[in-house]
Amino acid sequence: MRSAIIYDVKRSLLRPLVLLMLVLFAALGVATTYYAYIFLAGYYPNVEGVAVYIKTSEGNNTRCVLMGGIFDRRGDPVESSLTLITNSSRIYSFKSTSTFIVEDPSICRHNIDMIEISTNLVKLNISCTTISAFSLLLIAPRSAGIYNFTHIASSIFVCGKSDGNIYIGSTLHVFKMFINDLKSWKARLYTFTVNTSSMSVELTKPIVLNYTFSSIFFSSTQINQSQGSIEIRHPIEKFDLSLDPNKDAIQFYSEVDHNLNVAGFDYSYKVNVERSYIELAIGSIGLNLFLEFFPIAVIYISYTLVAKPRSTGALEFVLARPMTRFDLYLSRYLAGAIIIVISSVILSIVLAIFQPLVLRIGLDPWGYMLLYLGILASLLTFHTLCYAIASTTRSGLYLAISITLYILFAMLWSLATIAIAFMLGISIMSTSYQELSYKLSYLNPLQFVNIARYYILLSYGAVNEISALNSVLAIAVPLLWNIGLFSLGFWRFRKINLSS
Amino acid sequence: MISIDKISKSFGRFKALDNVSFDVRNGEVVGFVGPNGAGKTTTIRICVGVLPPDSGDVLIDDYSVTRDKRNASRYVGWVPEIPIFEPDESALNYFVYLAGYYGMGTSEARSLGRKLLEEVGLGDSLNKKLKNFSLGMKKRFALAVSMINNPDNFIFDEVLNGLDPLGVAFFRDLVKKFKKENRAVLFSSHILKEVEDLADRVVFINRGKVVKIMTMDEIKASAKPVLVIKLRNLDSRAVDIARGYSENVRVEKDAIYIYNPKTEPADIVEVLVRSGYKVEETKKEEASLEEIFFKVIGESK
Ligand SMILES: Nc1ncnc2c1ncn2[C@@H]1O[C@H](COP(=O)(O)OP(=O)(O)OP(=O)(O)O)[C@@H](O)[C@H]1O
Ligand SMILES: [Mg+2]
């Protein structure tokens with residue numbers, strides 16, 4: 001029996017149509033996710049570079065330091081090669097595996113306009129702008145009665161998009177923050193510190209900064225209640241912070257004179273960008289295409305496994321083997337189900353490997369698990385539906401019914417939802433429309449995956465809770481569909497005449 | 001041993017089988033004879049468990065086909081009237097697939113498949129697709145499959161239909177061999193002659209009912225001779241004369257058929273000639289099996 005099921009799986013899986021669909025959708029899934037990502041990355045880059053460049057000239061003597069880092073979306077350093085550009089000519093190149101501090105006379109000759117960054121995945125340019133330029137005329141006695149005038153010019157440039165900066169006494173701190181884990185609201189903060197009195201990256205003493213969260217950007221009302229602090233000892237420091245999900249902004253201020261200088265920035269924007277990446281991950285076009293068109297393969301699988309052999313009468317000869325009708329019904333059902341499990345696993349694995357690798361963001365394992373279960377629930381239920389029809393009707397009728405259902409479920413469903421909303425007088429823009437479409441998802445096997453998506457988004461805080469959905473129903477409804485259809489199919493199959 | 005116990009089956013309102021019962025004992029070949037549409041195939045499909053009866057049961061070596069089909073199917077081989085397989089499969093692969101249901105591993109099934117397909121004469125077609133098989137090849141393939149478990153019971157449904165003389169001889173020899181090996185064979189046909197030298201007993205079926213069960217010896221014994229006398233001036237007096245010699249006299253065209261005459265044909269001819277009839281032709285015929293067939297079936301009407 002087992003070897004017969006394996007054979008059924010093998011011969012159905014190895015049909016050109018099924019194989020073609022699998023390869024096609026895996027490839028399409030990768031390609032379209034990639035292009036959607038390129039599109040999204042044009043707006044919200046997935047690799048960011050930030051650098052601070054200081055330049056001091058004292059007479060003929062010039063000193064320069066460049067420090068910074070290239071990071072992925074989660075704030076992990078990315079290996080990259082950097083080229084400094086001045087007046088469109090490349091003046092200096094180096095490789096960086098982590099954060100970097102470069103001190104080299106050759107980067108001093110001109111001001112740096114731009115840094116060209118190239119990683120395995122992307123190439124990007126970040127431009128540098130000065131945030132502070134000042135000249136000092138130091139008058140120092142050389143010998144008695146004779147004064148020597150020395151001209152010192154200094155400037156500080158910030159390259160790339162920083163999240164603001166703060167002066168504490170004679171130190172300048174430039175911030176760069178990343179959302180490290182959207183689900184747990186973990187953020188990664190980098191600080192780049194410059195000593196403006198010595199114009200170097202050496203710190204004379206540790207600097208302690210407190211931080212607080214606020215809903216209203218830059219409000220200073222709650223600044224007294226520190227919610228944490230960071231101690232900066234090195235020119236480049238990395239901190240892991242827990243953000244407050246109920247607030248929008250973070251503000252840093254010094255322990256000592258906190259009312260003087262406050263640096264703050266909004267992180268809700270970053271969170272929203274991360275959410276669009278999550279939506280990209282769970283609703284990638286490739287995945288949607290798979291869900292839209294793989295049901296055709298599902299229809300075909302039941303056709304070859306049961307509808308056709310039943311119509312021609314070939315099932316009868318198989319049934320004459322040592323097995324009951326139930327065994328026959330179950331074994332071919334399982335063969336189809338296994339094909340679908342394998343196909344969905346292949347697709348999910350392709351996505352789960354490809355997305356974190358290329359997008360530098362992916363779901364957590366639980367998210368992928370849930371997404372996979374959703375895909376499986378949709379396709380398996382559709383399989384059970386097709387199988388039940390296939391084993392009880394003639395092959396021509398089966399194709400007619402299953403294709404009609406497919407068109408309804410996969411193509412006309414949103415129209416049907418709109419029509420029902422219209423009849424109930426629900427506006428399409430309202431939340432009750434959203435509720436309605438989720439409720440209707442229970443009636444359409446191919447929509448089950450949307451319920452799983454909803455729970456993934458919910459766990460990332462990317463959607464509001466919808467009262468029409470609850471986890472008991474989300475599990476019970478697909479189960480009932482499958483058990484009901486399977487039993488109904490067998491109830492008819494039990495007595496059916498299998499001769500042609 | 002196949003025991004058919006009071007099976008009935010209706011298709012819609014049409015009663016295809018009505019309380020059919022008979023046995024096929026080990027070492028016995030039973031011919032299952034009836035006209036088209038009598039219910040032979042229906043009975044056989046119930047016997048092999050692919051059609052559930054409305055009532056009654058069939059025991060294959062004491063395993064009920066309705067309650068213990070897994071075991072029952074293990075011990076009966078079936079060659080259908082028109083074997084139908086999944087067309088895109090090649091012979092050996094499909095054999096291996098079906099053998100899987102007998103719990104046979106792939107490599108074991110492959111070697112058994114080669115052996116049995118060779119045995120039934122399909123050695124050259126192991127990798128040919130089943131859709132390209134001729135009817136005779138399909139029957140041979142079904143036979144090979146029916147022998148997977150080397151069962152003690154075989155059911156052949158009109159197995160000689162559409163076979164060339166070599167194929168006919170092959171199956172006949174096979175049935176004789178099975179009989180020698182003490183297996184039970186049920187062999188359906190709508191031609192009594194076909195089972196004449198094979199069957200030990202014949203079950204006659206018509207309109208879904210078993211109308212008669214006879215041993216081959218009984219059938220042969222009832223095959224009585226006929227005297228056919230052709231007269232130029234046939235009239236009712238001549239027929240009356242003939243009736244003096246037999247209980248069963250029939251007239252057809254210008255000939256008198258005298259069934260199982262009480263005396264020698266020469267005596268009857270002599271009496272007729274003396275009575276002034278011109279005898280054109282006489283011949284003595286053995287009653288054909290078909291006449292017995294028609295007689296038995298006719299009686300059931
Ligand atoms: N699936 C079915 N649906 C309706 N009627 C059927 C079905 N199968 C068989 N019958 C009817 O049952 C009767 C018996 O058919 P069956 O095939 O058993 O006859 P048979 O004795 O095998 O005839 P033949 O010698 O032509 O093969 C026929 O009248 C047939 O029309
Ligand atoms: Mg028949």
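Residues numbered from 1 in each chain as written. Chains lettered and ligands numbered in written order. Predicted model: local features only at pLDDT ≥ 70, side-chain atom pairs only at ≥ 80, totals over all residues. Heavy atoms only, no water.

Caption draft 1: Representation of the overall build of chain B within the structure. Helix and strand counts for chain B stand at 11 helices and 14 strands. Radius of gyration (C-alpha) of chain B: 24 Å, far over the 19 Å computed for a compact globule of 301 residues. Taken along its principal axes, the extent of the C-alpha atoms in chain B is 85 × 45 × 35 Å. Considering chain B as a whole, with its 301 residues, one finds that 51% of them fall into the buried category. Within the structure as shown, chain B displays about 13800 Å² of accessible surface, and the carbon and sulfur contribution to it stands at 47%. (Helix = DSSP H or I, 4+ residues; strand = E, 2+ residues; numbered from the N terminus. Rg over C-alpha atoms; globule rule 2.2 N^0.38 Å. Buried < 20%, exposed > 50% of the residue type's maximum accessible area, 1.4 Å probe, protein only. Areas by Shrake-Rupley, 256 points an atom, 1.4 Å probe, with all protein chains shown as cover.)

Caption draft 2: Expanded view of the sheet that holds strand β8 (residues 184-189) of chain B. Residue and element names in this part refer to chain B. Strand order in this open sheet of 6 strands is β6-β7-β8-β3-β9-β10, and the pairing throughout is mixed. Both outer strands of the open sheet, β6 (76-79) and β10 (209-215), are each paired with one neighbouring strand and no more. Recorded for the sheet is a direction-independent mean angle of 15 degrees between the axes of neighbouring strands. Contacts from helix α1 (residues 40-47) reach β3 (29-33), β6, β7 (153-157), β8 and β9 (201-206) within the one sheet, and its direction differs from that of β7 by about 150 degrees. This element, helix α6 (residues 165-180), spans β3, β7 and β8 of the sheet and lies at about 155 degrees to β7. (Pairing = 2+ DSSP bridges. Axes fitted to C-alpha atoms, helices over the stretch in contact; angles between N-to-C directions. Contact = heavy atoms within 4.5 Å.)

Caption draft 3: Summary view of the pattern of salt bridges. Across all of its chains, the model carries 31 salt bridges over all chains by this definition. Across the salt bridge formed by K6 of chain B and D5 of chain B, the nearest N and O atoms sit 3.8 Å from each other. In this structure, the salt-bridge partner of D54 of chain B is K9 of chain B, at a minimum N-O distance of 3.6 Å. Residue D54 of chain B is found in the loop between α1 and β4 (55-60), and its partner K9 of chain B is found in strand β1 (residues 2-11); the two are separated by 45 residues along the sequence. The buried category is assigned to K9 of chain B, whose relative accessible area is 9%. Overlapping salt bridges, with partners in common, bring together D76, R188 and D240 of chain A in one network. (Salt bridge = Lys/Arg side-chain N within 4 Å of Asp/Glu carboxyl O.)

Caption draft 4: Layout of the coordination of the magnesium ion (ligand 2). All names here are of chain B. Bound to the magnesium ion (ligand 2) on the protein side are T41 (OG1) and E81 (OE), at distances that span 1.8 to 2.4 Å. Of the two residues, T41 is situated in helix α1 and E81 in the loop between β6 and α3 (91-100); the sequence distance between them amounts to 40 residues. Judged by relative accessible area, which is 26%, E81 ranks as partly exposed. (Donors = N, O, S within 2.8 Å, 3.2 Å for Na, K, Ca; no water.)

Caption draft 5: Quick look at the domain arrangement of chain A. Assigned domains within chain A: domain 1 (2-41 + 283-495), domain 2 (47-161) and domain 3 (162-273). Distance from the C-alpha centre of domain 1 of chain A to the C-alpha centre of domain 2 of chain A: 56 Å. (Domains from an automatic or database assignment.)

Caption draft 6: Quick peek at the side chain of T393 of chain A. Its place among the elements puts T393 of chain A in the loop between α7 (365-390) and α8 (395-411). What T393 of chain A contacts, discounting residues up to four positions off in sequence, is R310 and Y398 of chain A.

Caption draft 7: Region of the structure containing the site of ligand 1. Residues in close proximity to ligand 1 total 15 residues, the closest being N497 of chain A together with G37, K40, T41 and T42 of chain B. Contact between ligand 1 and T42 of chain B: an oxygen atom at 2.5 Å from a side-chain N or O atom of the residue. In this structure, an oxygen atom belonging to ligand 1 sits 2.8 Å away from a side-chain N or O atom of E81 of chain B. Relative to its unbound accessible surface of 630 Å², ligand 1 loses 68% to contact with the protein. Secondary structure elements with two or more residues in the shell around ligand 1: β2 (14-24) and α1 of chain B. Here the element with the most residues in the shell around ligand 1 is α1 of chain B; it accounts for 3 residues. When the residues that make up the shell around ligand 1 are grouped by side-chain class, the tally is 5 nonpolar, 7 polar and 3 charged. (Near = heavy atom within 4 Å. Polar contact = N/O pair within 3.5 Å; in protein donor to acceptor, adjacent residues only side chain to side chain. Nonpolar A, V, L, I, M, F, W, Y, C, P; charged D, E, K, R; others polar.)

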